[in-house]
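Now for the letters of each chain:
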Amino acid sequence: MSSTAVHTAGQVIRCKAAVAWEAGKPLVIEKVEVAPPQKMEVRLKILFTSLCHTDVYFWEAKGQTPLFPRIFGHEAGGIVESVGEGVTDLQPGDHVLPVFTGECKECRHCKSEESNMCDLLRINTDRGVMLNDGKTRFSKNGQPIYHFLGTSTFSEYTVAHVGSIAKINPAAPLDKVCVLSCGISTGMGATLNVAKPKKGSTVAVFGLGAVGLAACEGARMAGAARIIGVDLNPSRFADAEKFGVTECVNPKDHKKPVQEVIAEMTDGGVDRSIECTGNVNAMISAFECVHDELNSTVYNLYTNNLKSGIQGWGVAVLVGVPNKDDAFKTHPVNLLNGRTLKGTFFGNYKPRSDLPSVVEKYMNKELEIEKFITHQVSFSEINKAFDYMLKGEGLRCIIRMEG
């Protein structure tokens, strides 16, 4: 245990935090009080954090019930400062990644190998308080400041439930692996854990933002022979090559549906597709572009195909989050002919059990993280990170908490 941890354990810590006082207004660096961790909680010193689009979405308060003042942030790396009652598998000095979801290890989901949707700690964007007592651990001059996603990493110190903290290799550079606690793992896991493309296969990825490029990176790691990137923004195509993309398609360049374009490019459809936009039309295209495309020419033959065992083998995985009222339809024949449609949350990774092994993929040089990090700013410049994202510039901006 460090001397600093001994000195601060059990006491309120005063530190800097970037507070969102109002929706859409620049964050303000404030001196806040961070209370000690309570039962099954951990207080962390955040060293590096990153901005994710989810932070921006809720900061803008578009379509949700606003909850302010609030401390955002959920992609980060840090060190355990102190632990609360009942915490046995973490201790001060441990290097960790806080995660926006969790793993209690006790509920039926955590005990199942097929789910990472913990009953206790699954993502909750509305809750701004701690589970233990329904109170915040942040305050300023007695005024409570709400938490975000149970992490609130835009603060030099934060408190989180132990189930939302992954202990990692202390040799891993936190200024790099901090981005693994959300978007990169989500996209990569969607490919490696859910789509599971075989070596030499063909993969289409819809949406070439950070999550989509992470899905491409997963396809590259799996040994896919062709990775087709689909995006409406052609400015993303050049950088996509760094992530293994072999061909790019802009739906606006074609008069026919993009699923038909891809089917023609691939002699009937891709083996796997991953949709990372949240757009309903992209979801339909991602599903209908997997092998093999059943168009009107062969529609009248589908019954004979089924009887003879000729079926598609394509798998489509939905990653993007749609608007709450969205719905899409596709012809049942697309399922009868053997296509599979799946969804995923956080790439099917269990935070505490699986994230340490994802970090090791980076340490073993299987996973390349550096190419996702396009900007770095100091904590005092955190609003620049918001500007970069709002302008669509870059992928991930690392925010250094010190300096």
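Our subject is the structure that appears above.
Residues numbered from 1 in each chain as written. Predicted model: local features only at pLDDT ≥ 70, side-chain atom pairs only at ≥ 80, totals over all residues. Heavy atoms only, no water.

S.K.: Go over the overall build of the protein chain, please, and point to the residues and values.
M.R.: Scanning the protein chain from N- to C-terminus turns up 14 helices and 17 strands. For the protein chain, the C-alpha radius of gyration of 22 Å lies close to 22 Å, the compact-globule estimate for 403 residues. Relative to its full complement of 403 residues, the protein chain shows a buried share of 55%. For the protein chain, the share of sequence-separated contacts (at least 6 apart) that also reach a separation of at least 24 residues comes to 72%. Total accessible area on the protein chain stands at roughly 17600 Å², and carbon and sulfur atoms take up 49% of it. One finds the centroid of the 44 positive side-chain charges in the protein chain at a distance of 2 Å from the centroid of its 45 negative side-chain charges. (Helix = DSSP H or I, 4+ residues; strand = E, 2+ residues; numbered from the N terminus. Rg over C-alpha atoms; globule rule 2.2 N^0.38 Å. Buried < 20%, exposed > 50% of the residue type's maximum accessible area, 1.4 Å probe, protein only. Contact = heavy atoms within 4.5 Å. Areas by Shrake-Rupley, 256 points an atom, 1.4 Å probe, with all protein chains shown as cover. Lys, Arg positive; Asp, Glu negative; His and termini not counted. Charge placed at Lys NZ, Arg CZ, Asp CG, Glu CD.)

S.K.: Break down helix 5 (residues 183–195) for me, with residues and values.
M.R.: Side chains of residues three or four places apart in an α-helix project in the same direction, reflecting 3.6 residues per turn. An ideal rise of 1.5 Å per residue puts 18 Å on 13 residues; helix 5 measures up with 17 Å between its terminal C-alpha atoms. For helix 5, the tally of buried residues reaches eleven of 13 residues, placing the bulk of the element in the interior. Taken together, the buried positions of helix 5 are Gly 183, Ile 184, Ser 185, Thr 186, Gly 187, Met 188, Gly 189, Ala 190, Thr 191, Val 194 and Ala 195. Lys 196 lies just past helix 5 and shows a positive phi near 50°. (Expected span 1.5 Å × (residues − 1).)

S.K.: Residues and numbers for empty space enclosed by the protein, please.
M.R.: Going through the model one piece at a time under the given rule, you end up with two cavities of 30 Å³ or more. For the lining of the largest cavity, the residue count by class is eight nonpolar, six polar and two charged. In this model, the second largest cavity occupies a volume close to 40 Å³. Taken together, Phe 58, Ala 61, Gln 64, Thr 65, Pro 66, Leu 67, Phe 68, Arg 70 and Phe 72 make up the full set of residues lining the second largest cavity. For the lining of the second largest cavity, the class distribution of residues is six nonpolar, two polar and one charged. (1 Å grid on protein atoms, 1.4 Å probe; cavity = no way out; pocket = protein on both sides within 12 Å on 5 of 7 lines; lining within 4 Å. Points joined across faces, edges and corners; volume = space filled by probe spheres on them. Nonpolar A, V, L, I, M, F, W, Y, C, P; charged D, E, K, R; others polar.)

S.K.: Describe in detail the pattern of salt bridges, supporting the description with residues and values.
M.R.: Overall, the coordinates contain 21 salt bridges when judged by the stated rule. Across the pair Glu 75 and Arg 396 runs a salt bridge, and its minimum N-O distance is 2.9 Å. Taken together, the positions of Glu 75 in strand 4 (residues 75–83) and Arg 396 in strand 17 (residues 396–400) put the pair 321 residues apart, joining distant regions of the chain. Since its relative accessible area comes to 0%, Glu 75 is described here as buried. Classification of Arg 396 as buried rests on a relative accessible area of 5%. Of the charged contacts in the structure, one is a salt bridge between Glu 217 and Arg 220, with a shortest N-O distance of 2.8 Å. With a gap of three residues between them, Glu 217 and Arg 220 both fall in helix 6 (residues 210–222), about one helical turn apart. (Salt bridge = Lys/Arg side-chain N within 4 Å of Asp/Glu carboxyl O.)

S.K.: Help me get a handle on the packing of helix 5 against helix 6, residues and values and all.
M.R.: For any two helices packed against each other, the geometry comes down to the angle between their axes and how far apart the axes lie. Closest axis-to-axis distance for the helix 5/helix 6 pair is 7 Å, and the angle between their directions is 45°. As judged from the angle between their axes, helix 5 and helix 6 are oblique. With respect to the hand of their crossing, helix 5 and helix 6 are arranged in right-handed fashion. Here helix 5 contributes Gly 183, Ile 184, Thr 186, Gly 187, Met 188, Thr 191 and Leu 192 to the contact with helix 6, which in turn contributes Ala 210, Val 211, Ala 214, Ala 215, Gly 218, Ala 219, Met 221 and Ala 222. (Axes fitted to C-alpha atoms, helices over the stretch in contact; angles between N-to-C directions. Parallel < 35°, antiparallel > 145°, perpendicular 65-115°, else oblique. Left-handed = near helix turned anticlockwise from the far one by under 90°.)

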